[in-house]
Amino acid sequence: MKIFCGRANPTTGSVEWLEEDENYDYHQEIARSCYADMLHDKDRVFTPMAIAAVKIVEKNGFSDKIKVINKHSTEVIVGPDGDMQCRANILITELFDTELIGEGALPSYEHAHKYLVQEGCEAVPHRARVYAQLVESKRMWSWNKLFPIHVQAEDDEKIIVFPSEMENCPGVSSVHDIQLNQVPCSDFTILSNVVTMFSVDFSKQVNSTSTYYTVKLGPIKSGMAQVILSWWDIDMDPSGTIKCTMAPYWVQPTSNDVQWRDHWMQCVYFLPNEEPVLQDENVYLTAYRDEYSMWYKLQKARNEEDKKDAYVGSPLCSCQAHLLWNRPRFGELNDQNRTNQYIQALKTVLKKDSICLCISDGSLLPLLAQYLGAEQVFTVENSAVSHCLMEKIFKANHLGDKIKIIEKRPELLTSSDLEDKKVSVLIGEPFFTTSLLPWHNLYFLYARTAVATHLTNSVTVLPQSASLYMMVVEFKDLWRIRSPCGTCEGFDVHIMDDMIKNSLNFRESKEAEPHPLWEYPCKSLSDPQEVMTFDFRLMVPQQTLSTDGSVNLLRTGKSHGTVLWMEYHLTADISISTGLVQISDEKGNCKWNPHCKQAVYFFSSSLEPESLTDFPSAIMYSINFNPKTGEIAMSFKPLS
């Protein structure tokens, strides 16, 4: 049986109905689950997927001792005719995420103690602790607030500023979970020692009711309090002999003790506003939580009357920027070096009589074009939220009447929208909020084609073209999310490996997936290679674009996969890479654009244990761009 699935195509911008196998959703769920990554974590207690659990139990000879109940724990019935004959005296769980409580651990434990386990039961894990550390970090703060942007125009320097409501906005409560172990110490200043915010004893009744915890901090250094870094650890046994910690490298005794994980990372929380603190000054840090999330607030020393804390609800974005832009996008907009490249490029193409049209979501390019002398600037915004936000930003810079916002899709533009003027300069970063993979921003090419009738014959398009690049790499750790587990603590879990492999082969193994590679170290085994070019000065091609070739491997290593990214050529000599920034040393260690996700295509053969000794000399590739769907299909084959 076949089913029809509707989806928005991020490259073409159209809504498509695709015929899929009836098991499509099942395979998607399994293929994207990363269960094997959890099994590679040697510190972790693991409860297998219910579907595979029965078979694994049987294969390992425990069918008479282990009963698999394929239910959510809150649906389990205890009693003579129930799922369990009596209450349990040991509670074994794995309900945690990077934030500890984000997957509903607290209400699940609360229910279990009320209905499923005996009073005084033992729990594995036994307890958890949540830690916090106050830091100052311009880099991390740039993921939350926009900084003034300097624009060197012909006559003087202009500064793009942002509305006060953006500066005062508390942001959103959602945690920013990242691999803190990839953030160098030079990117932040520690302002306090590590403190324990709260702990939970899982062997006793757990209360999921919203609450807060306050600790007294004595800053060890003066600075600007901006960010709370947080993580947790768990004691697997009552005595705390067996521990599992998410602590980052600067807290661990030695860097060699750091266990790599992708399912549990570390948390970055932004304070509602940055605030100066002095060394040894008494300040109070409060962690608030509900059933599923946490947020923080910092207060200076208070009078006795003020020390009666009140629960403060989760922060709500009032400026709309945090609803429109994710954290990497804030960082991208705050990258002055990146902005300077656009400024230099715009200076080469703009004239005093230029009529500009910008097609990008929530872009600051219209401001740059106006400041750099364009006669008229139009900008297209697809949503009411982005329209409202950009209008506030333009007004804050006294350009509300000089930049016209058109809330339409590009194909719906009319001559009257453009005041019956022809566009002489079409600009875009390009950036679109619907993009997941690097080439999804090729939507700019489709938009450029849609507005062709509104462009002059000699129109200048910026960027003028884009190139797709690829490079073969060896990952330090990221390969683990796709690697079979085989045996875990003596248990044969090949059944689960096979299930995941089958689902990957259904489709996922033939596709690239997005990853922010600044968080996942790798070394290049080949030089970066340009494999396909898209000319934005032309319209969408009618025929499929195809390229075949090979890349030679220059370094010895495990070819885990290929990384792909886009490079936008703003002008003939100014380009911006969304991927590789540089190969930093002779060993091939890579530095990646920290604001973008790159595409990773894993070679399935290189992830099999028996292929660990295979070192191909080159990788053959075949890449096809289908202009009707906007999709890029690819295949790779190692050559000995």
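Remember, predicted model here, so these are calculated numbers, not experimental data.

Asker: What should I look at first to understand the overall build of the chain in this one?
Answerer: Within the chain, the secondary structure is distributed over 13 helices and 35 strands. Surface accessibility of the chain: about 29,300 Å² in total, with carbon and sulfur atoms responsible for 50%.

Asker: For this particular structure, what's the right way to read helix H9 (residues 336-349)?
Answerer: At 3.6 residues per turn, the α-helix brings residues three or four places apart onto the same side. The end-to-end C-alpha separation of H9 is 20 Å, in line with the 20 Å expected for 14 residues at 1.5 Å each. Along H9, the residues classified as buried are Arg338, Thr339, Tyr342, Ile343, Ala345, Leu346 and Val349. In this fold, the buried residues of H9 make contact with strand S6 (149-152), helix H8 (327-333), helix H10 (365-371), strand S20 (423-427), strand S21 (455-462) and strand S30 (575-577). A distance of 3.1 Å separates the backbone nitrogen of Asn337 from a side-chain oxygen at the start of H9, and that oxygen is part of Asp335.

Asker: I keep staring at the pattern of salt bridges and nothing clicks. Help me out?
Answerer: Evaluation of the coordinates by the stated rule reveals 22 salt bridges. Here Lys300 ties to Glu281 by a salt bridge, and the two come within 3.6 Å at their closest N and O atoms. Of this pair, Lys300 sits in strand S16 (residues 294-300) while Glu281 sits in the loop between strand S14 (266-277) and strand S15 (283-289), placing them 19 residues apart in sequence. The partner of Arg338 in a salt bridge is Glu332, and the shortest N-O contact between them spans 3.6 Å. Grouping residues by exposure puts Arg338 and Glu332 together as buried.

Asker: Even after reading the chapter, I still don't get the nonpolar core, so can you show me in this structure?
Answerer: As a rule of thumb, nonpolar side chains are buried together in soluble globular proteins. Membership of the largest hydrophobic core comes to 63 residues, with the highest contact counts inside it found for Phe96, Met140, Met197, Leu229, Leu285, Tyr296 and Leu298. Looking at which element gives the most residues to this core, the answer is strand S12 (residues 223-235), with seven residues. If we skip the residues at most four places from it in the chain, Leu229 touches Tyr131, Ala132, Gln133, Val135, Met140, Leu180, Trp250, Cys267 and Val268. Judged by nonpolar contacts, the second largest core, of 49 residues, contains Phe432, Val461, Met532 and Phe534.

Asker: Got a minute to help me understand the packing of aromatic side chains in this structure?
Answerer: Any pair of aromatic rings gets described here by the distance separating the centres and the angle formed by the planes. One pass over the full model with this rule turns up 30 aromatic pairs. Considering the side-chain rings of Tyr212 and Tyr288, the 5.9 Å spacing of their centres and the 45° angle between planes classify their relative orientation as tilted. With a gap of 76 residues between them, Tyr212 in strand S11 (residues 211-217) and Tyr288 in strand S15 connect regions that are remote in the sequence. Looking at Tyr212, the relative accessible area reads 28%, which means it is partly exposed. Relative accessible area serves as the criterion here: at 2%, Tyr288 is assigned to the buried category. Here a set of aromatic residues connected by ring pairs shows up, and it is made of Phe96, Tyr109, Phe202, Trp232 and Trp264. Here Arg139 stacks its cationic end above the ring of Trp518, 4.5 Å away from the centre of that ring.

Asker: How do you make sense of the pairing of strand S29 (residues 561-569) when you look at a structure like this?
Answerer: Working note: regular strand, side chains alternate between the two faces of the sheet. Counting buried residues along S29, nine of its nine residues qualify, which places the element largely inside the surrounding structure. What you see with S29 is no split at all: Gly561, Val563, Trp565, Glu567 and His569 on one side and Thr562, Leu564, Met566 and Tyr568 on the other are buried throughout. With nine bridges connecting them, strand S22 (residues 465-475) and S29 associate as antiparallel partners. The partner of Tyr469 across the bridge, within S29, is Trp565. Inspection of the sheet shows S29 paired to strand S33 (residues 598-602) by four bridges, in the antiparallel sense. From the neighbouring strand, Val563 faces S33, where its bridge partner is Val600. As paired strands, S29 and S30 are joined by three bridges and run antiparallel to one another. From the neighbouring strand, Glu567 faces S30, where its bridge partner is Ser577. Linking two consecutive strands that pair antiparallel, namely S29 and S30, is a turn of five residues.

Cut-offs applied
- Residues numbered from 1 in each chain as written.
- Predicted model: local features only at pLDDT ≥ 70, side-chain atom pairs only at ≥ 80, totals over all residues.
- Heavy atoms only, no water.
- Helix = DSSP H or I, 4+ residues; strand = E, 2+ residues; numbered from the N terminus.
- Areas by Shrake-Rupley, 256 points an atom, 1.4 Å probe, with all protein chains shown as cover.
- Expected span 1.5 Å × (residues − 1).
- Buried < 20%, exposed > 50% of the residue type's maximum accessible area, 1.4 Å probe, protein only.
- Contact = heavy atoms within 4.5 Å.
- Polar contact = N/O pair within 3.5 Å; in protein donor to acceptor, adjacent residues only side chain to side chain.
- Salt bridge = Lys/Arg side-chain N within 4 Å of Asp/Glu carboxyl O.
- Core = buried A, V, L, I, M, F, W, Y, C linked by side-chain atoms within 4.5 Å.
- Phe/Tyr/Trp six-rings, centres within 6.5 Å; stacked < 30°, edge-to-face > 60°.
- Lys NZ or Arg CZ within 6 Å of the ring centre and 35° of its normal.
- Pairing = 2+ DSSP bridges.

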